[in-house]
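Report on the structure
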Amino acid sequence: MEKHEDVQYCFQDRNSSCRKALLSTSIYITLYIFFSLISAVTVFLNILVIISISHFKQLHTTTNLLILSLAVSDLLVGLIVIPATTVAIMESCWGFGEYFCVFEFYIACLCTSLSLGNLVLISIDRYVAVCDPLLYHSKITITRMMCCISITWCCCIMYRAAIIKNVVNVLVPSRCLNECFIVEELHWVNIIDLVFTMVVPCSVIITLYMKIFVVARSQARKIFSKEAARVFGVKTVQANKSERKAAKTLSIVVFNYFFCWIPFLFSFFFVSFLSDNLLSFILSFLPLVNSLINPIIYAFFYPWFKVTAKHILTLNLRRS
């Protein structure tokens, strides 16, 4: 009888509703503070990137437009997806209704597609810059890049809306009541969606960056081989540094996204094998951390960001 009294439901008069998760107050508060900090830092860093590129005219370049687009999608993750996901994971009782449940799922999928779409555009931009530098400024212009970014956003918005409308089901009678639980009914659509929105873009990114790496290494060898003929041994070291720099850039760009998403996708398709709730919890939150890492990779590694961030934080925005 004591165990029965300890059980609490979202609706106390309906045993078919979800059971409330009973966590100690210290753990409950600690987890909320931790995820709130992740959300706040994600929002803060991406706002810094957005203000830097938007305000300072010197930063209005094609590559920075892509970084700006990526920062906007990551900002949505920090503002909406991370807080909503935190509540959905921490609270067994979903009190925001069915529509916000669908909206949160839609924004999460949309930001995923936007992030990957921006990474594809960035890889194309870097490929042209490295492999065809003489024609880069004629091929990649501000107008063309803005059109590509706009098309990417429109396609992602419409595609995800169509998936939500035709495939996703929120009301699941077999589940308990008052829970935000999403089910995609057509399994073959899931496979096509995975291939179209994840496998193909990732393949494009890997292929382009592999070509960038090969071309950059070849260019470094050609440049320094001439100097090595005059000063043997000295320039060979510099060539090796260039190769390592190209390899480092490749590994940072590709590894970050794959590190955040592959474990989650594995757990999503093999969820029945994951009995550890803590592991499932970490894997489900790991992709969201990608939005925190993105501004560090695509902005903090650029020298201009430290300068612009200093101007923004000191409210010295006159230099534009």
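From a predicted model like this one, the values you see are computed outputs, not experimental measurements.

Cut-offs and rules
- All residue numbers here refer to positions counted from 1 along the written sequence of the relevant chain.
- Side-chain atom pairs in this predicted model are given and counted only at pLDDT of 80 or more, local residue features only at pLDDT of at least 70, and totals for whole chains, interfaces and linings cover all residues.
- Side-chain metrics rest on all non-hydrogen atoms present in the structure, leaving aside hydrogens and water.
- Helix numbers and strand numbers start at the N terminus; a helix is a DSSP run of H or I with at least 4 residues, a strand a run of E with at least 2.
- The contact rule is simple, with two residues in contact once any of their heavy atoms fall within 4.5 Å.
- Only the protein chains shown count as covering a residue, and every accessible area follows the Shrake-Rupley method with a 1.4 Å probe.
- Buried Ala, Val, Leu, Ile, Met, Phe, Trp, Tyr and Cys residues form a nonpolar core when they are joined through side-chain atoms within 4.5 Å.
- Relative accessibility thresholds used throughout: buried, under 20% of the residue-type maximum; exposed, over 50%; partly exposed, between the two (1.4 Å probe, protein chains only).
- Salt bridge, as applied in this entry: a Lys or Arg side-chain nitrogen positioned within 4 Å of an Asp or Glu carboxyl oxygen.
- UniProt positions are given in the numbering used here, feature names are shortened, and annotations may be inferred rather than shown by experiment.

Across its full length, the protein chain carries ten helices and two strands. Secondary structure elements of the protein chain occur, N-terminal to C-terminal, as α-α-α-α-α-α-β-β-α-α-α-α. Intrachain contacts of the protein chain at a sequence separation of at least 6 include 74% that bridge at least 24 residues. With an accessible surface of roughly 18800 Å², the protein chain has 69% of that area assigned to carbon and sulfur atoms.

This brings us to the nonpolar core. Grouped together as the largest cluster of nonpolar side chains are 43 residues, with contacts concentrated most on Leu116, Ile149, Met198 and Tyr257. Among the elements of the structure, helix H2 (25-55), helix H3 (62-90), helix H4 (97-131), helix H6 (142-166), helix H7 (187-230), helix H8 (234-269) and helix H9 (277-300) are those that each provide at least two residues to this core. Sorting elements by how many residues they give to this core places H4 first, with 15 residues. Dropping the residues within four chain positions of it, Ile149 is found in contact with Leu65, Leu66, Ser69 and Leu121.

What follows concerns the pattern of salt bridges. Tallied over the entire structure, the rule returns two salt bridges. Here Arg126 ties to Asp125 by a salt bridge, and the two come within 2.9 Å at their closest N and O atoms. Two residues, Lys139 and Asp132, come together in a salt bridge whose shortest N-O distance is 2.9 Å. When its relative accessible area of 39% is taken as the criterion, Lys139 is described as partly exposed. By relative accessible area, Asp132 is classed as partly exposed at 23%.

Turning our eyes to something else, we now look at the side chain of Ser115. Tracing the chain through its elements places Ser115 in helix H4. Excluding its chain neighbours within four sequence positions, the residues that come into contact with Ser115 are Leu70, Ser73, Asp74, Tyr257, Asn290 and Asn294.

Mapped onto this numbering, the UniProt entry gives "transmembrane region" (unreviewed entry) at residues 29-53, 65-85, 105-124, 145-164, 194-216, 250-272 and 278-301. Helix and strand shares over residues 65-85 are 100% and 0% respectively, and the end C-alpha atoms of the span are 28 Å apart. With 100% helix and 0% strand, residues 105-124 has its two end C-alpha atoms placed 29 Å apart.

This next bit is on the environment of Ser291. By the element assignment, Ser291 lies in helix H9. Once the C-alpha coordinates of Ser291 and Asn46 are considered, the two residues, 245 residues apart in sequence, prove to be 8.5 Å apart. Excluding residues that lie within four positions of it along the chain, Ser291 makes contacts with Thr42, Asn46, Asp74 and Val77.

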